[in-house]
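Chain by chain, the residues run as shown.
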Amino acid sequence: MSATPRPGKTKQFSMAPGERGLSRAAGIAAAIAGALFIAVQVGHPAMDVSLVTTTDWAVRGTAKALMAALALVGITGMYLRQVRQTGILGFLGYVLFAAGYLLMFSIEVVAAAVLPALAATAPGYVADVLAVAFGGTATHDIGGMQTVIAVSSVGYLAGGCLFGIALFRARVLARWASALLAAGTVATVALAVLPESFNRLLAVPTGVALIGLGISLWRARPATGSDNSAPPTVEHAAAR
């Protein structure tokens, strides 16, 4: 008689300690990103060329770049935590959302490091970049920035919506935060017809969603599962 386990017995497995630590770190990154996303909107002045050379612009631009980088880390952790549950919808949403945040990071780096140097010599260009960034139309050609801003917007809107829906359906992280992420990113479409002041308010839902999802990811239990696929063997039959 063999000591081989009998068929149908559940084999439990769990997330490795290193993976658990990375998952929790991604959760913290997402929560900080959400908090920064809300914080930079508080008292934000109107977008104007004269603002570009101020300390306030440099601080906010740096914070926005950091926010985008942390959000990218956060959503990557969310996706990897539930890659099987989210399926193809989760994959598409993640790719688009990640591309949106990656390009957003690039835009904020340019805004903080390049635009201030151009404000005195090419104020028209800077004004056009600011206009396009907030849904307006450029008077002159702004080169590749036009494409980068457009693709970033599409990635953020479409990716945020699809990713939020995928997370909601997966039922692994907080569903209220997943739904808020989908709704909050889509709601920014309204900025095309709303005054600039609404841009600050519409950022709050997405920020709250990232905080909620980050905390949920940090608190999520290690993944468990079973392996019942092994067919009966000769030893199993003899043991019966």
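Residues numbered from 1 in each chain as written. Predicted model: local features only at pLDDT ≥ 70, side-chain atom pairs only at ≥ 80, totals over all residues. Heavy atoms only, no water.

1. Re the overall build of the chain
So, step 1. Helices and strands together make up the secondary structure of the chain, namely 10 helices and zero strands.
So, step 2. Along the chain, from the amino end to the carboxyl end, the secondary structure elements read α-α-α-α-α-α-α-α-α-α.
So, step 3. When contacts within the chain are restricted to residue pairs at least 6 apart in sequence, those whose partners lie at least 24 apart make up 76%.
So, step 4. Per element, the accessible surface of the chain, about 12600 Å² overall, is 68% carbon and sulfur. (Helix = DSSP H or I, 4+ residues; strand = E, 2+ residues; numbered from the N terminus. Contact = heavy atoms within 4.5 Å. Areas by Shrake-Rupley, 256 points an atom, 1.4 Å probe, with all protein chains shown as cover.)

2. Here we look at the nonpolar core
So, step 1. In terms of nonpolar packing, the biggest core is built from 30 residues, with Ile75, Met78, Phe97, Tyr101, Phe163, Leu181 and Leu213 touching the most fellow members.
So, step 2. Listing elements by their share of this core, those giving two or more residues are α1 (17-39), α2 (55-81), α3 (83-113), α6 (144-170), α7 (175-187) and α9 (203-219).
So, step 3. No other element matches the seven residues that α2 contributes to this core.
So, step 4. In this structure, phenylalanine 163 is in contact with Ile75, Met78, Tyr79, Gly90, Gly93, Tyr94, Phe97 and Leu181, ignoring residues within four places of it in sequence.
So, step 5. In this structure, Val126, Val129, Ala138 and Ile149 belong to the second largest nonpolar core, which totals 16 residues. (Core = buried A, V, L, I, M, F, W, Y, C linked by side-chain atoms within 4.5 Å. Buried < 20%, exposed > 50% of the residue type's maximum accessible area, 1.4 Å probe, protein only.)

3. Some words on the packing of α2 against α9
So, step 1. Packing of α2 against α9 brings their axes to within 10 Å, and their N-to-C directions diverge by 50°. By the angle between their axes, α2 is oblique relative to α9. Every pair of crossing elements has a handedness; the one defined by α2 and α9 is left-handed. Contacts from Gly74, Gly77, Met78 and Arg81 in α2 reach Leu213, Gly214 and Leu217 in α9. (Axes fitted to C-alpha atoms, helices over the stretch in contact; angles between N-to-C directions. Parallel < 35°, antiparallel > 145°, perpendicular 65-115°, else oblique. Left-handed = near helix turned anticlockwise from the far one by under 90°.)

4. Concerning the confidence of the model for the chain
So, step 1. When pLDDT is averaged across the chain, the result is 83; 80% of the residues are at 70 or more.
So, step 2. Note on residues 1-14: pLDDT under 50 across the span, and 25 contacts to partners over four residues away in sequence or across chains.
So, step 3. Confidence drops under pLDDT 50 across residues 225-240; counting only partners more than four residues distant or on other chains, this segment forms 21 contacts. (pLDDT = per-residue confidence, 0-100.)

5. Considering the pattern of salt bridges
So, step 1. Tallying each qualifying case throughout the model produces one salt bridge.
So, step 2. The salt bridge partner of arginine 60 is aspartate 56, with a shortest N-O separation of 2.9 Å. Residue arginine 60 and its partner aspartate 56 are both found in helix α2; the two are separated by four residues, about one turn of the helix.
So, step 3. A relative accessible area of 13% means that arginine 60 is categorised as buried. (Salt bridge = Lys/Arg side-chain N within 4 Å of Asp/Glu carboxyl O.)

6. Some words on α6
So, step 1. Taking 1.5 Å of rise per residue, 27 residues should cover 39 Å, and α6 covers 37 Å from first to last C-alpha, within 8% of that figure.
So, step 2. Listed as buried for α6 are Met145, Ile149, Ser152, Gly155, Tyr156, Gly159, Gly160, Phe163, Gly164, Ala166, Leu167 and Ala170.
So, step 3. Looking at the residues trailing α6, positive phi occurs at arginine 171, about 60°. (Expected span 1.5 Å × (residues − 1).)

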